[in-house]
Amino acid sequence: NAGVTQTPKFQVLKTGQSMTLQCAQDMNHNSMYWYRQDPGMGLRLIYYSASEGTTDKGEVPNGYNVSRLNKREFSLRLESAAPSQTSVYFCASSEEGRGELFFGEGSRLTVL
Amino acid sequence: AQSVTQPDIHITVSEGASLELRCNYSYGATPYLFWYVQSPGQGLQLLLKYFSGDTLVQGIKGFEAEFKRSQSSFNLRKPSVHWSDAAEYFCAVGASGSARQLTFGSGTQLTVLP
């Protein structure tokens, strides 16, 4: 039972470098999300996708772009990484209206 | 705008003791309320949720929570804590059943002493 799979689990970048976080879910959910988790701040929504081909900004979208490649996959891209983007990133999916989010194990990103 | 407060950053209890984690929310209408647990190195997992109906909600792993509208609270309880319950716990509030509209609290870290 894979659920939500994120890669990579760890990444170190230098300021200005770019990278893409990959996420895939096998639960046939329409909705997918990217969150960042910072100490003492809970989870904050970066972007979400209600269905294949649609994406919308969340609370903290600046500095990020997303692609909903198909129903299974939702990627998060940092075009020019900044130290403020050092965080743990979580991908999640849900069946709309049910309220329950299913999370991946997280990707820890450090920007030097 | 909705908000949620978890007043306790860190709680320590002994194994076998009872547990109560506090959650206070701010929302103008009837909220949708959730508790999630995050074990070390893992993503969050849903413990329980309240949408409507009975204000005492049972969840997984022996947890329960009670919705008290008059106190704007949704506290999480467990009668006897096990060492495996050591984790971080997040309360979340939403305007509907849509996960898109969830606001998470800052979390409470639970340490369990042997």
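Preceding this paragraph is the structure being described.
A brief structural summary. (Residues numbered from 1 in each chain as written. Chains lettered and ligands numbered in written order. Predicted model: local features only at pLDDT ≥ 70, side-chain atom pairs only at ≥ 80, totals over all residues. Heavy atoms only, no water.)

**Describing the interface of chain A and chain B**
- Every contact between the two is made by 21 residues of chain A and, on the other side, 19 residues of chain B.
- A combined buried area of about 1,600 Å² lies between chain A and chain B, and 54% of that area is made up of carbon and sulfur atoms.
- Sorting the residues of chain A by area buried against chain B places A:Leu43, A:Gly99 and A:Phe103 first, and these three jointly supply 26% of that buried surface.
- Our count for the chain A to chain B interface comes out at 0 salt bridges.
- Where chain A meets chain B, there are 2 residue pairs in polar contact (both at pLDDT 80 or more).
- Elements that contribute at least two residues to the side of chain A that touches chain B include exactly strand E4 (31-37), strand E5 (43-49) and strand E9 (87-94) of chain A.
- A per-class count over the side of chain A that touches chain B returns 9 nonpolar, 7 polar and 5 charged. (Contact = heavy atoms within 4.5 Å. Buried area = accessible area lost by both parts, 1.4 Å probe. Salt bridge = Lys/Arg side-chain N within 4 Å of Asp/Glu carboxyl O. Polar contact = N/O pair within 3.5 Å; in protein donor to acceptor, adjacent residues only side chain to side chain. Helix = DSSP H or I, 4+ residues; strand = E, 2+ residues; numbered from the N terminus. Nonpolar A, V, L, I, M, F, W, Y, C, P; charged D, E, K, R; others polar.)

**Overview of the packing of aromatic side chains**
Residues and elements named next belong to chain A.
- Scanning the model with the defined rule gives 15 aromatic pairs over all chains in all.
- Judged by centre distance (5.9 Å) and plane angle (45 degrees), the rings of Tyr35 and Phe103 are tilted. Of this pair, Tyr35 sits in strand E4 while Phe103 sits in strand E10 (residues 102-103), placing them 68 residues apart in sequence.
- With a centroid separation of 5.9 Å and 65 degrees between ring planes, the pair formed by Tyr64 and Tyr89 is classed as edge-to-face. (Phe/Tyr/Trp six-rings, centres within 6.5 Å; stacked < 30°, edge-to-face > 60°.)

**Some details on the state of the cysteines**
- Per the stated rule, a full pass over the model turns up 2 disulfides over all chains.
- Note that A:Cys23 is cross-linked by a disulfide to A:Cys91, the S-S spacing being 1.9 Å. Residues A:Cys23 and A:Cys91 share a disulfide whose torsion about the S-S bond is about -75 degrees; that sign makes it left-handed. Residue A:Cys23 is found in strand E3 (residues 19-25), and its partner A:Cys91 is found in strand E9; the two are separated by 68 residues along the sequence.
- A:Cys23 gets classed as buried once you look at its relative accessible area, which sits at 3%.
- Put simply, B:Cys23 and B:Cys91 are joined by a disulfide, and their sulfur atoms are 1.9 Å apart. (Disulfide = S-S within 2.5 Å. Buried < 20%, exposed > 50% of the residue type's maximum accessible area, 1.4 Å probe, protein only.)

**Considerations on the environment of B:Leu48**
Residue and element names in this part refer to chain B.
- Among the secondary structure elements, Leu48 is positioned in strand E6 (residues 44-50).
- Residue classification places Leu48 among the buried residues on the basis of a relative accessible area of 3%.
- Distance from Leu48 to Pro31, taken between C-alpha atoms, is 14 Å for residues 17 residues apart in sequence.
- Setting aside residues up to four positions removed in sequence, Leu48 forms contacts with Leu33, Phe34, Trp35, Val57, Gln58, Gly59, Phe63, Glu64, Ala65, Phe74 and Leu76.

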